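So you can see what is in the structure, the chains are spelled out below.
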Amino acid sequence: MQNKTFYIKTMGCQMNEYDSDFLTQSLISSGFSRVDNLKYADIILINTCTVRAKPEQKAYSLLGRMSELKQENSGLIIGVIGCLAQQKGHELMKRFPQLDFVMGPRELGRIKEILRRIDTNGEKFVATHLEPAPPQPVICQGYFDGKVTGYLSIMEGCNNFCSYCIVPYVRGREISRSPEEIMIEAKNLISEGIKEITLLGQNVNSYRWEGVEKWNFVSLLREITKLDGLLRLRFTTSHPKDLSEQLIHCFGDLDKLCPHIHLPFQAGANLVLKRMKRGYTREKYIDLIDKLRTVRPDIGITSDVMVGFPGESEQDFDMTLNLIKRVQFDSLFSFKYSDRKGTLAAKMGDKVDEADKSSRLSALQNLQKQISLKKNRALEGKRLEVLVEGYSKRGGQISGRTGSNKVVNFIGDNSYITNLVTVTIKHGFLNSLHGELFFENNSLTG
Ligand code: 5AD
Ligand code: SF4
């Protein structure tokens, strides 16, 4: 099995990116090598998402194309991993008979065993148990070379059962990782050159560890920010119903904690929020935003919202637009509601027409575009701290992000990459800022 090459394609959220990194590191440390072109792969792994209808469709079309490759190379091993794998299990095997295995997010620790059994016995596998705890971190020296930012999963699964959401069914019940394991992984990322860590979890605010010492999310943040060599800490995703006063105050107290929060609101009408089983009202949400801005006026606030939840009326939708105007988000991820089989909302009547969903989505996106542009233009002339991560997408410039999570492109030497610098903002665009280097912070401070 060793010396085989693998190609991994990641779809979906940061959790899946983290899982793909985990798999890649565990395979590399067992002698496999990663290739970036699937033509040279002995093993193809496709990490899928099923949170909405669109990513699910994308995964099917990719699986169709990958399966065809097996007709040209019968020795090829193809595995589907991630949330769609967990949800569909045997159904995927039937629909795509060329697949060798299907493996859910909680079974990733078995990857080497499964590949070995396929190789020796030609067995096929569906590994979709939801009970296993997340696997131990793998330390693969040099894996993060050249990277400035990295993810660290602090918990897996979700207990909230929002009525539209498939996540609790595909990622299982909430389970927090031990603080010891998290600290080892954080120190390892830092020793590998990572300067900014983003803590990941479906609902990080409910992080809990009931060992000899009791830990919650705030104590974890405090401990991680003490680590030498770490310049910045972020986290995602937060649930408004669990956002405590203590956590809000961390944005004022902890220097390394970036002034940015991703706080999904989903809908602006209380009756819709109730049917979504979100556990807060629009008034409570707005109150949280006001408190966050009192503690940290420059905090970047981003969110998720969906249109066309079952029973959403035009008036309900207006309440969503109204909340967006009131809060003035820096940016928004917006989606059309889609039924996810097995969830409560999928069984609700009074579904909204596709055409209405589309027109609501474009009205919402137009409104948000104006707000994002206005907010980015308001930064023109300001001096902001930027962690330089690499080259800009279009090339010719270097690029990084502000603490509030806005992309800033500017002309500068590549030796600034991995450093904190201060940039004067010259232009605010819809999705990024253009700046001019003011000074290199590290040279002044140290
Ligand atoms: N339909 C549409 N959007 C959904 N999301 C989650 N489930 C659904 C669904 N059934 C959105 C939510 C969530 C984001 C990750 O995806 O806005 O925050
Ligand atoms: Fe991530 Fe949810 Fe998609 Fe799974 S279903 S990959 S947890 S967004």
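Everything quoted here is computed from the prediction, not taken from an experiment. (Residues numbered from 1 in each chain as written. Chains lettered and ligands numbered in written order. Predicted model: local features only at pLDDT ≥ 70, side-chain atom pairs only at ≥ 80, totals over all residues. Heavy atoms only, no water.)

For the rest of this paragraph, the subject is the overall build of the protein. Within the protein, the secondary structure is distributed over 14 helices and 21 strands. A compact globule built from 446 residues would reach a C-alpha radius of gyration of about 22 Å, and the protein, at 23 Å, matches this within 12%. Along the first, second and third principal axes, the C-alpha atoms of the protein reach 65 × 60 × 50 Å. Taking contacts inside the protein between residues at least 6 apart in sequence as the whole, the part at least 24 apart equals 72%. Working note: accessible area of the protein is about 20,000 Å², and carbon and sulfur atoms make up 49% of it. Looking at charge distribution, the protein has the averaged site of its 61 positive side-chain charges lying 3 Å from that of its 52 negative ones. (Helix = DSSP H or I, 4+ residues; strand = E, 2+ residues; numbered from the N terminus. Rg over C-alpha atoms; globule rule 2.2 N^0.38 Å. Contact = heavy atoms within 4.5 Å. Areas by Shrake-Rupley, 256 points an atom, 1.4 Å probe, with all protein chains shown as cover. Lys, Arg positive; Asp, Glu negative; His and termini not counted. Charge placed at Lys NZ, Arg CZ, Asp CG, Glu CD.)

Structurally, the protein comprises domain 1 (5-127), domain 2 (144-258), domain 3 (266-378) and domain 4 (383-441). The straight-line distance from the C-alpha centre of domain 2 to that of domain 4 is 26 Å. Facing the eight residues of domain 2 at the interface are twelve residues of domain 4. Both faces combined, the contact of domain 2 with domain 4 buries some 800 Å², and carbon together with sulfur accounts for 55% of it. For domain 2, the biggest contributors to the area lost against domain 4 are Val 148, Arg 232 and Arg 234; these three give 59% of the whole. At the junction of domain 2 and domain 4, the tally comes to one salt bridge. A salt bridge links Glu 196 to Arg 401, with the shortest nitrogen-to-oxygen separation between them at 3.1 Å. Split into classes, the residues belonging to the side of domain 2 that touches domain 4 amount to three nonpolar, one polar and four charged. (Domains from an automatic or database assignment. Buried area = accessible area lost by both parts, 1.4 Å probe. Salt bridge = Lys/Arg side-chain N within 4 Å of Asp/Glu carboxyl O. Nonpolar A, V, L, I, M, F, W, Y, C, P; charged D, E, K, R; others polar.)

Let us look at the nonpolar core. Of all hydrophobic cores here, the largest spans 71 residues; its most connected members are Ile 154, Ile 197, Leu 199, Leu 221 and Phe 235. Mapped onto the domain boundaries, this core takes at least three residues apiece from domain 2 (144-258) and domain 3 (266-378). Setting aside its immediate chain neighbours within four residues, Ile 154 contacts Ser 176, Arg 177, Ile 182, Leu 199, Leu 200, Val 204, Tyr 207, Phe 217 and Leu 220. By size, the runner-up hydrophobic cluster in this structure holds 21 residues, among which are Met 11, Ile 46, Met 66 and Leu 76. (Core = buried A, V, L, I, M, F, W, Y, C linked by side-chain atoms within 4.5 Å. Buried < 20%, exposed > 50% of the residue type's maximum accessible area, 1.4 Å probe, protein only.)

So, about the site of ligand 2. The local shell around ligand 2 consists of Cys 13, Asn 16, Cys 49, Thr 50, Val 51, Cys 83, Val 167, Arg 171 and Gln 202. Per-class residue counts for the shell around ligand 2 are five nonpolar, three polar and one charged. Here the shell around ligand 2 spans two domains, since at least three of its residues come from each of domain 1 (5-127) and domain 2 (144-258). (Near = heavy atom within 4 Å.)

Turning our attention to the side chain of Lys 70. With respect to the helices and strands, the residue Lys 70 is situated in helix H2 (residues 53-72). For Lys 70, a relative accessible area of 14% gives the class buried. Side-chain polar atoms of Lys 70 contact the backbone oxygen of Leu 76, separated by 3.0 Å. Those residues in contact with Lys 70 that lie beyond four places of it in its chain are Leu 76, Ile 78, Gln 98 and Asp 100. (Polar contact = N/O pair within 3.5 Å; in protein donor to acceptor, adjacent residues only side chain to side chain.)

Time to look at helix H7 (residues 179-191). Its 13 residues place the ends of H7 18 Å apart at the C-alpha level, agreeing with the 18 Å of an ideal helix rising 1.5 Å per residue. Buried residues of H7: Pro 179, Glu 181, Ile 182, Met 183, Glu 185, Ala 186, Asn 188, Leu 189 and Ile 190, and no others. Buried-residue contacts for H7 involve helix H1 (14-28), strand E7 (149-153), strand E10 (196-200), strand E11 (208-210), strand E12 (214-216) and helix H8 (217-225). The positive-phi residue at the C-terminal boundary of H7 is Gly 193, with phi of around 105°. (Expected span 1.5 Å × (residues − 1).)

Turning next to the pairing of strand E16 (residues 331-336). Side chains on a regular strand alternate between the two faces of the sheet. Pairing geometry for strand E15 (residues 300-307) and E16, over six bridges, is parallel. Paired with Ser 303 across the bridge in E16 is Leu 332. Between the parallel elements E15 and E16, the chain passes through helix H12 (residues 314-327) in a crossover that is right-handed. (Pairing = 2+ DSSP bridges. Right-handed = clockwise from strand over helix to strand, strands pointing away.)

Attention shifts here to the environment of Leu 373. Within the secondary structure, Leu 373 sits in helix H13 (residues 354-377). A residue is classified by how much of its surface remains accessible, and Leu 373, at 25% relative accessible area, is partly exposed. The spatial distance from the C-alpha of Leu 373 to the C-alpha of Gln 14 is 26 Å, given a sequence separation of 359 residues. Excluding its chain neighbours within four sequence positions, the residues that come into contact with Leu 373 are Gly 428, Phe 429 and Leu 430.

With 15 residues, H1 ought to run about 21 Å at 1.5 Å a step, and its terminal C-alpha atoms sit 21 Å apart, in line with that. Among the 15 residues that make up H1, twelve are buried, leaving the element largely enclosed by the rest of the structure. When we look at burial in H1, the residues that qualify are Met 15, Asn 16, Tyr 18, Asp 19, Ser 20, Asp 21, Phe 22, Leu 23, Thr 24, Gln 25, Ser 26 and Leu 27.

The next thing to look at is the site of ligand 1. Looking at ligand 1, the residues that line it are Val 51, Arg 52, Tyr 164, Gln 266, Asp 304, Met 306, Phe 335, Lys 336, Tyr 337, Ser 338 and Arg 340. Between ligand 1 and Val 51, the relevant distance is 3.5 Å, taken from a nitrogen atom to a main-chain nitrogen or oxygen of the residue. Here an oxygen atom of ligand 1 and a side-chain polar atom of Arg 52 are 2.8 Å apart. Burial of ligand 1 by the surrounding chains reaches 87%, relative to a free accessible area of 400 Å². Taken together, the elements giving at least two residues each to the shell around ligand 1 come down to E15 and E16. Each residue belonging to the shell around ligand 1 can be placed in one class, and the counts come to five nonpolar, two polar and four charged.

Turning our attention to the packing of aromatic side chains. Under the criterion given, the structure shown has eleven aromatic pairs. Both rings, one in Phe 438 and one in Phe 439, keep their centres 5.2 Å apart while their planes meet at 50°; by these two values the pair is tilted. Looking at Phe 439, the relative accessible area reads 29%, which means it is partly exposed. Pairwise contacts between aromatic rings join Phe 265, Tyr 280, Tyr 285 and Phe 329 into one cluster. Taking the ring centre of Phe 335 as reference, the NZ or CZ of Arg 52 above it sits at 3.7 Å. Taking the ring centre of Phe 438 as reference, the NZ or CZ of Arg 383 above it sits at 3.8 Å. (Phe/Tyr/Trp six-rings, centres within 6.5 Å; stacked < 30°, edge-to-face > 60°. Lys NZ or Arg CZ within 6 Å of the ring centre and 35° of its normal.)

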